[in-house]
Amino acid sequence: MNNIEILGRWTKEKSEDLYNIKNWSANYFSISDTGEVMVNPEPENKDRAVSVMDIIKGVSDRGLDMPVLLRFENLLDAQISYLNNTFKNAMKELDYKGEYRGVYPIKVNQQQQVVEEVAKYGQRYHHGFEVGSKAELIAALSEINDKESCLICNGYKDEEFIDLGLHAVMLGFNCFFVIEMPDELEIILNRAKALGVKPNIGVRIKLSSSAGGHWTESSGDRSIFGLSITQLTNVIDSLKENDMLDCLKLLHYHLGSQIPNIRDIRSAILEATRVYVELVKEGAPMGYLDLGGGLAVDYDGSKTNYASSRNYSVNEYCVDLVEAVMLTLDSGGVEHPTIITESGRWLVAYYSILIFNVLDVTKFEKTEIADKLDDDTCEAIKNLHESNQMISPKTIQECYNDALYYRDQVNDLFKQGKIGLRERSLSEKIFWNSINRIAETKKKVRFAPAELVDIERAVADIYYCNFSVFQSLPDNWAIDQLFPIMPLHRLDEYPRRDAVIADITCDCDGKIDKFIDSHDIKQSLALHELKEDEEYYLGAFLVGAYQETLGDLHNLFGDTNVVSVSITENGDFDLASETLGDTVADVLSYVEYDMHDIRKHFRETAERAVKDGLITPKQRREIMKSYDEGLSGYTYYEK
Ligand code: PLP
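What counts and what doesn't
- Residues numbered from 1 in each chain as written.
- Predicted model: local features only at pLDDT ≥ 70, side-chain atom pairs only at ≥ 80, totals over all residues.
- Heavy atoms only, no water.
- Axes fitted to C-alpha atoms, helices over the stretch in contact; angles between N-to-C directions.
- Helix = DSSP H or I, 4+ residues; strand = E, 2+ residues; numbered from the N terminus.
- Parallel < 35°, antiparallel > 145°, perpendicular 65-115°, else oblique.
- Left-handed = near helix turned anticlockwise from the far one by under 90°.
- Contact = heavy atoms within 4.5 Å.
- Nonpolar A, V, L, I, M, F, W, Y, C, P; charged D, E, K, R; others polar.
- Salt bridge = Lys/Arg side-chain N within 4 Å of Asp/Glu carboxyl O.
- Buried < 20%, exposed > 50% of the residue type's maximum accessible area, 1.4 Å probe, protein only.
- Near = heavy atom within 4 Å.
- Polar contact = N/O pair within 3.5 Å; in protein donor to acceptor, adjacent residues only side chain to side chain.
- Areas by Shrake-Rupley, 256 points an atom, 1.4 Å probe, with all protein chains shown as cover.
- Phe/Tyr/Trp six-rings, centres within 6.5 Å; stacked < 30°, edge-to-face > 60°.
- Lys NZ or Arg CZ within 6 Å of the ring centre and 35° of its normal.
- Core = buried A, V, L, I, M, F, W, Y, C linked by side-chain atoms within 4.5 Å.
- Pairing = 2+ DSSP bridges.
- Patch = residues over 30% accessible without salt bridge, like charges linked within 9 Å, V, L, I, M, F, W, Y side chains within 5 Å.
- Expected span 1.5 Å × (residues − 1).

**Observations concerning the packing of helix α7 (residues 159-170) against helix α8 (residues 184-195)**
- Running from N to C, α7 and α8 point in directions that differ by 50°, and their axes come no closer than 10 Å. Between α7 and α8, the interaxial angle falls into the category oblique. With respect to the hand of their crossing, α7 and α8 are arranged in right-handed fashion. Along its contact with α7, which presents Glu-159, Ile-162, Asp-163, Leu-166 and His-167, the element α8 presents Ile-187, Ile-188, Arg-191, Ala-192 and Leu-195.
- Here the residues of the contact of α7 with α8 sort into 6 nonpolar, 1 polar and 3 charged.

Below you can see the structure in the form of structure tokens.
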């Protein structure tokens, strides 16, 4: 049982508090009176909300298996509008004379559908793209139509990359080459001369300011990318020598992703704008100030400077950015430039929900133990039993020590062959009985011993779920990134179990045992008891940024099914498009198996078995049929 008091009937309001949904959902997600998670791109209009369970039904009726990634195109549209309008309002309020241009960094989610939708919904705000490679530039050029938006080329650029960018300039696009390394300049100047095109040049600088959070190393003097101040002056000198200083129009830096503290953001702007003023003094025309990405997502809803959160609102972010830029430029008498930001995470995180079903559960519950054990029970088990009977608020630490000590002693006796399976099983039952009782008793103690702080985790159930952490939530595995995870239905019922989540890879890291909390990190998640005849669905939210493209093929679990959902004006929904996840044959081909060869090999094995009399020819036919079905099947657990 989890430690939430049941005061009267369980209500959806209690679930809202328990899962903190109001604080992390940006009002896009809520809970209905019938206890289902609702999605609404227009929170002020209650009639537009759609139940995720209705979408799951629609998806299942069409024959798509779990796990499924739902992408809500309206949420992307809403995020793009919100960012652009908030900057517009901040500029108006502060009487900023320049403009705002957002660019979407394709690396955050490169899937064609995502890039296409950013181009579609971004066009009315001239929201452009940031690319870091030739492939990303080609992807951007395949979707972008708007000549007023910016196309920012970061990353190392070879001749091919530069030619592609220069061709984009020839086609009328507002394409910038941002110099990350001093040597790039010479290639840009040579290729521009050869093609007879005037390039738009930007410079990326290393700031001495740095930011906290997971991506601290993107900034500071030792950051990998960007020019030092000395390298910057060398670039200016080269441009002057080549009579090309009039091409230098943009200054860029990127402090890192998911910056939790607004003070770090402000201090970086102040440093960068000083450099901007100096570049103008050097005689460069400038006009564009690109402040990079970093706008954080409040994954845990705590509104703090914790790594999974942020201590500022989007409005504060926009106002602070504009104000900080004005502060230095106005005192330097420099014209207000177009401000560019490269927000990726915040723009697309809300857009996707990963949905999966629970396959099974393991519980570590108390079982009935007799008051008295048989006389011939071994001494260590008797001691374990005795300490179990002594558990009280005053003895929990002592009884905990005893439980571990005697459990280990029994295990040693088993290894030495001195006790058998039945006694080992009895010891296991008494041990888990003790740990459960210690966890329950701890709740009655005002100051629990430090060692017992996490004891609930030891008795938490394991819910086995149909997805792969490595494929679908890689940041949770790699950098302990927290994502809101919660049941998608039954939220008007008391979730009486405390659980951790295990995925279906057989890897001990394939688990989630840290969950969002408004004050801390929770070691377990409150979930409902499974019902015999009903699927139980969970959702991992805010997974639109980075997760889809960073995933690997651990245990050869491949891409999940993806369904794009469009919520209509009247609160209905269309399944606008669906992309089937990888089949077994797909993932095998990614790791260089040749389908023809492996099938031939298996057929020969089956034929040999017929010759050896192990199976009949008819059985061979059945086995080959099921093998072929296996190859064309989904890589996840299919019902
Ligand atoms: N711009 C650059 C150069 C980046 O490397 C990144 C990613 O870290 C971004 C923008 C996107 O940052 P975020 O997703 O935090 O907005």
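Right, picking up where we left off after that structure.
**With respect to the pattern of salt bridges**
- Under the defined criterion, the tally for this structure stands at 42 salt bridges.
- Note that Lys-107 is salt-bridged to Glu-130, the shortest N-O span being 3.4 Å. Of this pair, Lys-107 sits in the loop between β5 (100-105) and α5 (112-122) while Glu-130 sits in strand β6 (residues 128-131), and the two are 23 residues apart along the sequence.
- Residue Glu-278 pairs with Lys-281 through a salt bridge whose shortest N-O separation is 3.3 Å. Residue Glu-278 and its partner Lys-281 are located together in helix α10 (residues 262-281), separated by 3 residues, close to a single helical turn.
- Here Glu-278 falls in the partly exposed class, since its relative accessible area comes to 32%.
- Judged by its relative accessible area of 61%, Lys-281 is exposed.
- Overlapping salt bridges, with partners in common, bring together Lys-12, Glu-16, Lys-22 and Asp-33 in one network.

**Things to note about the site of the ligand**
- Near the ligand lie 16 residues; those nearest to it are Ser-257, Glu-342, Gly-344, Arg-345 and Tyr-546.
- Separating an oxygen atom of the ligand from a side-chain N or O atom of Ser-257 is a distance of 2.5 Å.
- In isolation the ligand has 400 Å² of accessible area, and contact with the protein removes 91% of it.
- In terms of residue class, the shell around the ligand is built from 3 nonpolar, 8 polar and 5 charged.

**What to know about the packing of aromatic side chains**
- Overall, the coordinates contain 21 aromatic pairs when judged by the stated rule.
- Clustering of aromatic rings is evident, with ring pairs tying together Phe-87, Tyr-100, Tyr-312 and Tyr-317.
- The ring of Phe-161 has Lys-157 sitting right over it, with the charged end atom 6.0 Å from the ring centre.
- In this arrangement the basic side chain of Arg-407 is found over the ring face of Phe-431, its NZ or CZ atom lying 4.4 Å from the centre.

**Focus: the nonpolar core**
- Residues Phe-29, Leu-70 and Phe-129 are the most contacted members of the largest nonpolar core, which totals 155 residues.
- Take this core: its biggest share by element is 10 residues, from helix α11 (residues 314-332).
- Discounting chain neighbours no more than four positions away, the residues touching Leu-70 are Val-52, Ile-55, Val-59, Tyr-351, Ser-352, Ile-353, Ile-355, Val-563 and Val-565.
- Counting residues in hydrophobic clusters, the runner-up holds 23 residues, among them Leu-384, Cys-399, Ile-419 and Phe-431.

**Some thoughts on unusual backbone geometry**
- Between Met-66 and the following residue, Pro-67, the backbone shows a cis peptide bond with an omega angle of 0°.
- Within the fold, Pro-67 resides in the loop between α3 (52-61) and β4 (68-72).
- Residue His-126 is not a glycine yet carries a positive backbone phi of 55°.
- As for its placement among the helices and strands, His-126 is situated in the loop between α5 and β6.
- The residue Asp-480 is not glycine, and still its phi comes out positive at about 55°.
- Along the chain, the position of Asp-480 falls in the loop between α18 (474-479) and β15 (485-487).

**Re the sheet that holds strand β2 (residues 37-39)**
- What the 3 strands build is an open sheet, ordered β1-β2-β3; its pairing is antiparallel. Only two strands of the sheet have a single partner each, and these edge strands are β1 (29-31) and β3 (50-51).
- Note that β2 and β3 share 2 bridges and pair antiparallel. Counted as the bridge partner of Met-38 is Ser-51 from β3.

**Some thoughts on the sheet that holds strand β10 (residues 248-252)**
- Taken together, the 8 strands give a closed barrel; going around it, the order is β5-β6-β7-β8-β9-β10-β11-β12, and neighbouring strands pair in parallel fashion. With strand direction ignored, the average angle separating the axes of adjacent strands in the sheet is 25°.
- The pairing of β5 with strand β12 (residues 338-341) spans 3 bridges and is classified as parallel. For Tyr-100, the partnering residue across the bridge sits in β12 and is Ile-339.
- Strands β6 and β7 (150-153) of the sheet are contacted by helix α6 (residues 134-143), whose axis makes an angle of about 165° with β6.

**Remarks on the side chain of Asn-436**
- Relative to the elements of secondary structure, Asn-436 occurs in helix α15 (residues 421-442).
- Judged by its relative accessible area of 12%, Asn-436 is buried.
- Here Trp-432 takes part through its backbone oxygen, which lies 2.9 Å from a polar atom of the side chain of Asn-436.
- Those residues in contact with Asn-436, other than ones at most four positions away along the chain, are Phe-364, Glu-365, Lys-366 and Val-459.

**A few points about a nonpolar patch on the surface**
- A cluster of nonpolar side chains, contributed by Tyr-590, Val-591 and Tyr-593, occupies part of the molecular surface with about 310 Å² of accessible area.
- The topology assignment puts Tyr-590 in helix α20 (residues 584-590).
- Judged by its relative accessible area of 46%, Tyr-590 falls in the partly exposed class.

**Quick look at the environment of Gly-613**
- With respect to the helices and strands, the residue Gly-613 is situated in the loop between α21 (595-611) and α22 (617-632).
- Each C-alpha atom of the pair Gly-613 and Ser-524 lies 53 Å from the other, and the pair is 89 residues apart in sequence.

**What to know about α11**
- A rise of 1.5 Å per residue sets the reference length of α11, with its 19 residues, at 27 Å; its end C-alpha atoms lie 28 Å apart and thus fit the reference within 8%.
- Those residues of α11 that sit buried are Val-314, Tyr-317, Cys-318, Val-319, Asp-320, Leu-321, Val-322, Ala-324, Val-325, Met-326, Thr-328 and Leu-329.
- Here the buried face of α11 lies against α4 (73-94), α10, β11 (288-290), β12 and α12 (345-348).
- Phi turns positive, to about 65°, at Gly-333, one or two residues after α11.

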